Amino acid sequence: MQVYLNNKLVPRAEALVSVFDHGFLYGDGVYETMRAYDGVVFMLDEHLMRLYRSASLIGLTVPPDMNQLKNAVYETMGANSLKNAYVRLTVSRGYGPIGLDPDLCEVPTFVIIVEEMKDYPKTYYEQGISAIISGTKRNLRDAINPQIKSLNFLNNILAKIEAKKAGAYEAIMMNAAGHVTEGTISNVFFCTDDVLCTPSVGCGILDGITRNIVLGLAVREGLTVREGEFTKDDLYGAKEVFITNTTMEVMPVRQVDAVRYGVGEVAKILHKVYRGEVRAYVTNVKGSGPSLWGYE
Ligand code: PDD
C-alpha cells in the first residue's frame, strides 16, 4: 500500500509522522472522507471545498491549488490500483515544538490514505442499524463549530463509546438546548406522516455532503422536507429514521433507544435514487475528458 505523505508517495511502513506533529499532540488539523466508485471520487470538488472551509476556520493553510489536490488523490488511487475506494485526506498543523501556538509549526502535514472500500453488511441496509441518544452533547457551535471537520474527534468518540456500551451502532447527539443534532459520523433524518425532517445546520451539525444530496433528491421525489429544530420525542415519534454519510450512503435505523421503527420505504427509495445519482456522476466525469490516472 502506498500513502501520499507531504509531496510524495511512500510505502505504508514509511508513512510516519513525528510525535511533535500538532495533529498528534493537540488534534490540530482537518480532514475529509471521500468515496471512489469505479475510479471516480464522488463529489470531489465539494469535499475539497469543505476541506478548504474547515482549514480556513482554524487558520490552517492547505495547498491552494485544487487541481494539485485532485491529482494527488488520483495519483494515490492509481498507485494502489484502486477503483472502489475509501479515501481519507488529512491536513494537520504540522511539526513544531510543544505549545498551542499554531505559528510554532512551519509546514502542515498532508496525508492521503486510500483503502479498498469494504461494503457494509447487507443486513445493515435490509434490517437497519440500532442507535442510542447519547448523554454526550454535541459540541456547541461557539465552542468547536461542528462545521469544522477537525481531527479533534473526542466529542464523537465519547458518544460512540456510549453507543458501544449499549450494544448500539450509532449514537445520536443532542445539543445543549435539547435539540437533535447528528450521529458520530452521520447526519440524521426521520419521517413523520408526510414530511421528511432533518436538523438544520443551525442546530450545530456538519452539513454533510450526502445530506445535501439527499435533501435535493427528496424534493425531486415529491417529498415535503423540513429542516429545523427537533426534540428526541419527535425522533421517538417518527415513522422511520435513517442516517447518511459518504461511505454508508443512506442507512436505515431500526431502533433508537427502546423505540423500534420499520425499515421504511423512504430510506429505500432515497437510497436507490442516491445510487442513481452516483452512477450519473461517474458517467459524467468519465465522459468529460481524459482520466487523471487512466481508469479505462
Ligand atoms: N463522517 N456528521 C459528522 C459528525 C461526520 O463525521 C460526517 C461524515 C457526517 C456526514 O458527512 P458526509 O455526508 O459529507 O460524509 C456528518 C465521515 C464519513 C468520517 O468521519 O469518516
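Attention here is on the structure that accompanies the text.

About the thresholds
- Residues numbered from 1 in each chain as written.
- Predicted model: local features only at pLDDT ≥ 70, side-chain atom pairs only at ≥ 80, totals over all residues.
- Heavy atoms only, no water.
- Pairing = 2+ DSSP bridges.
- Helix = DSSP H or I, 4+ residues; strand = E, 2+ residues; numbered from the N terminus.
- Contact = heavy atoms within 4.5 Å.
- Axes fitted to C-alpha atoms, helices over the stretch in contact; angles between N-to-C directions.
- Salt bridge = Lys/Arg side-chain N within 4 Å of Asp/Glu carboxyl O.
- Buried < 20%, exposed > 50% of the residue type's maximum accessible area, 1.4 Å probe, protein only.
- Near = heavy atom within 4 Å.
- Polar contact = N/O pair within 3.5 Å; in protein donor to acceptor, adjacent residues only side chain to side chain.
- Areas by Shrake-Rupley, 256 points an atom, 1.4 Å probe, with all protein chains shown as cover.
- Nonpolar A, V, L, I, M, F, W, Y, C, P; charged D, E, K, R; others polar.
- Domains from an automatic or database assignment.
- Patch = residues over 30% accessible without salt bridge, like charges linked within 9 Å, V, L, I, M, F, W, Y side chains within 5 Å.

**Side note on the sheet that holds strand β3 (residues 29–37)**
The strand order across the open sheet formed by six strands is β2-β1-β6-β5-β3-β4, and the pairing between neighbours is antiparallel. Unpaired on one side and paired on the other, β2 (8–11) and β4 (40–41) mark the two borders of the sheet. Relative to strand β6 (residues 109–116), strand β1 (residues 2–5) runs antiparallel, the two being bridged by two bridges. Along β6, the bridge assignment pairs tyrosine 4 with isoleucine 112. Those strands touched by helix α2 (residues 44–57) are β3, β4 and β5 (85–92), and its axis lies near 175 degrees from that of β3.

**Concerning the pattern of salt bridges**
Taken as a whole and judged by the stated rule, the model has 13 salt bridges. Where aspartate 38 meets lysine 286, a salt bridge forms, and the shortest distance between an N and an O atom there is 2.8 Å. Taken together, the positions of aspartate 38 in the loop between β3 and β4 and lysine 286 in helix α8 (residues 265–287) put the pair 248 residues apart, joining distant regions of the chain. Judged by its relative accessible area of 22%, lysine 286 falls in the partly exposed class. Put simply, Arg35, Asp119, Glu249 and Arg275 are held in one network by salt bridges that share partners.

**Structural notes on the pairing of strand β9 (residues 180–183)**
Relative to β9, strand β8 (residues 170–174) runs antiparallel, the two being bridged by three bridges. Bridging across to β9, methionine 173 finds its partner in glutamate 182. Counting the residues in the hairpin turn of β8 and β9 gives five residues, including glycine 178, whose phi is positive at 85 degrees.

**Topic: the site of the ligand**
With respect to spatial proximity, 19 residues lie near the ligand, and among them Tyr31, Thr33, Glu182, Thr210 and Thr246 are the closest. Tyrosine 31 is positioned with one of its side-chain polar atoms (N or O) 2.5 Å from an oxygen atom of the ligand. In this structure, isoleucine 185 approaches the ligand through a main-chain N or O atom, which is 3.5 Å from a nitrogen atom. Out of a free accessible area of 480 Å², the ligand has 95% covered by protein chains. At the level of elements, β3, β9 and α6 (209–220) are the ones that each hand at least two residues to the shell around the ligand. Among the residues forming the shell around the ligand, the class breakdown is five nonpolar, ten polar and four charged. There are two domains that each give the shell around the ligand at least three residues, and those are domain 1 (2–116) and domain 2 (122–280).

**Here's the deal with the environment of glycine 228**
Looking at the secondary structure, you find glycine 228 in strand β12 (residues 224–228). Using a relative accessible area of 10% as the deciding quantity, one classes glycine 228 as buried. Along the primary structure glycine 228 and histidine 179 are separated by 49 residues, whereas in three dimensions their C-alpha atoms are 9.3 Å apart. Ignoring anything within four residues of it in the chain, the contact list for glycine 228 reads Thr198, Pro199, Ser200 and Cys203.

**Overview of a nonpolar patch on the surface**
Among the surface-exposed residues, Val19, Phe20, Phe24, Tyr95 and Ile98 lie close enough to one another that they form a single nonpolar patch of about 590 Å² accessible area. For phenylalanine 20, the location among the structural elements is in the loop between β2 and α1 (22–26). Take phenylalanine 20: its relative accessible area is 37%, and that puts it in the partly exposed class.

**Some details on the side chain of asparagine 245**
Assignment of secondary structure puts asparagine 245 in strand β13 (residues 240–245). Engagement of the side chain of asparagine 245 in a polar contact is seen with the backbone nitrogen of threonine 247, the distance being 2.8 Å. Filtering out sequence-adjacent residues up to four positions away, asparagine 245 remains in contact with Ile185, Ser186 and Thr210.

**Observations concerning the environment of glutamate 227**
Structurally, glutamate 227 can be placed in strand β12. Considered as a pair, glutamate 227 and phenylalanine 189 are 38 residues apart in the sequence and their alpha carbons are 9.5 Å apart. Residues contacting glutamate 227, with those up to four places away along its chain left out, are Thr198, Ser200, Arg211 and Leu215. A distance of 2.7 Å separates a polar atom in the side chain of glutamate 227 from a polar atom in the side chain of arginine 211.

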